[in-house]
Structure formats: structure tokens, C-alpha cells
Amino acid sequence: VQLVESGGGSVQPGGSLRLSCAASGFTFSNYAMSWYRQAPGKERELVATITSAGGSTDYADSVKGRFTISRDNAKNTVYLQMNSLKPEDTAVYYCKGRQNLLNIIYWGQGTQVTVSS
């Protein structure tokens, strides 16, 4: 089982990044997918979630209207489009897959996002 994030990097405030998380080794379409982030000295927090079929999404208040989560079940990939980035968005971003019925959870290794002028 693998979840591999990519797309992180450094960007100026107001800029955009698109994170990807490629899944393998499990039936991706059976899993709700989420993005979390963890800033230095802070707890990991939920950023966005999308249901297994992609029909429903949810966002943390701090990113609503700026971030968009989506998925392509044919490509076993979940995305996080991040616009209007702020310095407080700086963190390591992780993707998580969860099979709700059996409570099976997988995590990726994380990708660094730095927003700074």
C-alpha cells in the first residue's frame, strides 16, 4: 500500500499550488480521501475530505473558498488545488485514505508547502 504526495514547494502569498496523491495497493474507489496538514509546533489538522465516489466534499473553515479537493478514481489520485495561499498555509501536507466500514486508514509521507515572500 502506498500513498505518494507530490506538488509541494515554495510560493509567494497569493500564489497557487496543486497537490497530488497517487494511491496504489488498495481499492482506491472504496476509500474516502482527505488532506491534512501539520505546521511546526502544531497538531495535524484536517484540511479537506472527499467521499469515495467524489460526490461530497468538506473543508476546514480556514481554507473554504480557496482550496478545492477532487479525485480521479480512474487514475487512483486525489488532488488539492490551493489558491490565494497565505503564509499560515505553510505546513507539511499529508493525504489520508479511509475505508469507513472497516476503519482501515492509510497515510502518505507528506509534502512540504511553504508560503513566503
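Here's a quick rundown of the structure.

Reading the values: rules and limits
Residues numbered from 1 in each chain as written. Predicted model: local features only at pLDDT ≥ 70, side-chain atom pairs only at ≥ 80, totals over all residues. Heavy atoms only, no water. Helix = DSSP H or I, 4+ residues; strand = E, 2+ residues; numbered from the N terminus. Buried < 20%, exposed > 50% of the residue type's maximum accessible area, 1.4 Å probe, protein only. Phe/Tyr/Trp six-rings, centres within 6.5 Å; stacked < 30°, edge-to-face > 60°. Lys NZ or Arg CZ within 6 Å of the ring centre and 35° of its normal.

### Side note on unusual backbone geometry
Both trends apply: most residues other than glycine have a negative phi, and most peptide bonds are in trans. With a phi close to 55°, Asn76 is a non-glycine residue in the positive phi region. Locating Asn76 in the fold gives a position in the loop between strand E7 (67-72) and strand E8 (77-82). Take Asn76: its relative accessible area is 28%, and that puts it in the partly exposed class. With a phi angle near 55°, Asn103 is a residue other than glycine that sits in the positive phi range.

### Details of the packing of aromatic side chains
Enumeration over the complete set of coordinates arrives at five aromatic pairs. Here the aromatic rings of Phe26 and Tyr31 are separated by 4.6 Å at their centres, their planes lie at 65°, and the arrangement is edge-to-face. Accessibility assignment for this pair places Phe26 and Tyr31 in one class, buried. For the pair Tyr94 and Trp107, a centre-to-centre distance of 6.5 Å together with 85° between the ring planes defines the contact as edge-to-face. With Tyr94 in strand E9 (residues 91-99) and Trp107 in strand E10 (residues 104-107), the pair connects residues that are 13 residues apart, well separated along the chain. An aromatic cluster is present here, built from Phe26, Tyr31 and Tyr106 joined pairwise through their rings. We note Arg18 situated over the ring of Tyr79; from NZ or CZ to the ring centre the distance is 4.0 Å. Sitting above the plane of the Phe28 ring, Arg71 keeps its charged end 4.4 Å from the centroid.

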